[in-house]
Amino acid sequence: MKKFIDKLREQHTLTREEFLSLLSCKDTSLYAYAREQAVQVRRQVYGTDIYIRGLIEFTNYCKNNCYYCGIRSGNKKASRYRLDKNQILDCCQAGYALGFRTFVLQGGEDPWFTDEMLTEIIRDMKAHYPDCAVTLSLGERSPESYRRLYDAGADRYLLRHETANKEHYQKLHPPNLSLENRKACLRNLKEIGYQVGAGFMVGSPGQTLECLAEDLLFLREFSPHMVGIGPFLSHQDTPFADKRNGSLELTLFLLALIRLMLPKVLLPATTALGTLHPDGRKLGVLSGCNVVMPNLSPSGVREKYLLYDHKIATGLEAAESVNLLKKQMEEIGYKVVCDRGDYPQP
Ligand code: SAM
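Let me sum up the structure you'll find in this document. (Residues numbered from 1 in each chain as written. Predicted model: local features only at pLDDT ≥ 70, side-chain atom pairs only at ≥ 80, totals over all residues. Heavy atoms only, no water.)

Quick notes on the overall build of the protein
Thought 1: Broken down by element type, the protein carries 14 helices and 10 strands.
Thought 2: For a compact globule of 346 residues, the expected C-alpha radius of gyration is about 20 Å, and the protein comes in at 19 Å, within 12% of that figure.
Thought 3: Seen through its principal axes, the protein has C-alpha atoms that stretch 55 × 45 × 35 Å.
Thought 4: The buried share among the 346 residues of the protein stands at 59%. (Helix = DSSP H or I, 4+ residues; strand = E, 2+ residues; numbered from the N terminus. Rg over C-alpha atoms; globule rule 2.2 N^0.38 Å. Buried < 20%, exposed > 50% of the residue type's maximum accessible area, 1.4 Å probe, protein only.)

Quick look at the structure:
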């Protein structure tokens, strides 16, 4: 199997059958080999730099009812909140002082925030912090809306494809949502000029190895600038309350494969990974990740943006503990840098 890892490192792609063979192999020495190779590639491209992003979870209202997500519209137990522009700018001010040079505005799909409101927020963020990148993660919107937000100054957009398999997509989402539209949004974002992030959950209910092979082939073809993957973690007030969490080992293996396939990709060690295992972030970096996204939201709302049970928001996860994060990264030979951390230009 190692020959497939070597081939992926050299040629950056594999056939569907080769991906399937790799994914079917549960050999821990193969996992370790893939991670070592991924770390080498990551070091060739990014050295030991770790980019940090300040995550501002500005609304947990959502019109969608995705079966896996704790802030789905059907969860009547969720305590809902919105941040206003000034609260968002306060988060940026705190984050800037801590060394953050990318702010990520993430939220449920909340129509209360119109294009006009969002463009004003983005313009103000860019006016106050012109040396910072603004990343959006607001879900599916119209091409016109994406364009307006881009013209207002947004640099990047995170929109996980969630799964590249159509049938699986319908097992995770209600009928009004489709893989087709998700992919159309991703293509549209790229055409407009955003640095775009796709991604998926590892171990989401109904996911097969074939689905994962399709995810990898989709990422290969779409070639996003960023890839967000993390384990599926169950939430007690969703239809998937009793489903098993995704596996740490498989997530780390997939992170390594993605680094080998897309050497320059910006690859975060996600909050879900840090929630699944206390050393999740570190292990992510030791599998090829080069980005960490600590939480910059006001502490009073952090426990309300609950996508899954036990989501971490304190300690190393909190932006204000960035010094702890720096220390942890130094312990494994990496360095948190004060930088926008853009996708390297050719
Ligand atoms: N509304 C935006 C969207 O749809 O892209 C951004 C917010 S959404 C909550 C961000 C991501 O959280 C989703 O793309 C999904 O992959 C992840 N997520 C939601 N519920 C999860 C769960 N139970 N376990 C792990 N990740 C989850």
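What about the side chain of S145?
Thought 1: The residue S145 is located in helix 6 (residues 143-151) in this model.
Thought 2: A relative accessible area of 4% places S145 in the buried class.
Thought 3: At 2.8 Å, the side chain of S145 and the side chain of D115 are in polar contact. (Polar contact = N/O pair within 3.5 Å; in protein donor to acceptor, adjacent residues only side chain to side chain.)

Here we look at the site of the ligand
Thought 1: Residues in contact with the ligand amount to 18 residues; listed here are only the nearest, Y68, G107, R160, E162 and L233.
Thought 2: Contact between the ligand and E162: an oxygen atom at 2.5 Å from a side-chain N or O atom of the residue.
Thought 3: Its free accessible area being 560 Å², the ligand has 92% of it covered by the protein chains.
Thought 4: Within the shell around the ligand, the residues separate by chemical class into 10 nonpolar, 5 polar and 3 charged. (Near = heavy atom within 4 Å. Areas by Shrake-Rupley, 256 points an atom, 1.4 Å probe, with all protein chains shown as cover. Nonpolar A, V, L, I, M, F, W, Y, C, P; charged D, E, K, R; others polar.)

With respect to the packing of aromatic side chains
Thought 1: Summed over all chains, the structure comprises 12 aromatic pairs.
Thought 2: Ring geometry for Y157 against Y194: centres 5.7 Å apart, planes inclined by 85°, an arrangement best described as edge-to-face. Taken together, the residues span a long stretch of sequence, with Y157 in strand 5 (residues 156-158) and Y194 in the loop between helix 8 (179-192) and strand 6 (195-202) at a distance of 37 residues. The same class applies to Y157 as to Y194, namely buried.
Thought 3: What links up through ring pairs into an aromatic cluster is the set Y146, Y150, Y157 and Y194.
Thought 4: Seen from the ring of Y334, R43 lies directly overhead, with NZ or CZ sitting 4.8 Å from the centre.
Thought 5: Note that K190 overlies the ring of F222, its terminal NZ or CZ placed 4.6 Å from the centroid. (Phe/Tyr/Trp six-rings, centres within 6.5 Å; stacked < 30°, edge-to-face > 60°. Lys NZ or Arg CZ within 6 Å of the ring centre and 35° of its normal.)

Quick look at unusual backbone geometry
Thought 1: A positive phi is found at E162, a non-glycine position, where the angle reads about 75°.
Thought 2: Tracing the backbone through its elements, the reader meets E162 in the loop between strand 5 and helix 7 (166-172).

Observations regarding the nonpolar core
Thought 1: Counting 103 residues, the largest nonpolar core has I56, L136, Y194, L254 and I258 as the members making the most contacts within it.
Thought 2: In terms of residue count, the dominant contributor to this core is helix 10 (residues 248-261) (11 residues).
Thought 3: Formed by 10 residues, the second largest nonpolar core is a distinct cluster that contains Y46, Y51, V104 and Y343. (Core = buried A, V, L, I, M, F, W, Y, C linked by side-chain atoms within 4.5 Å.)

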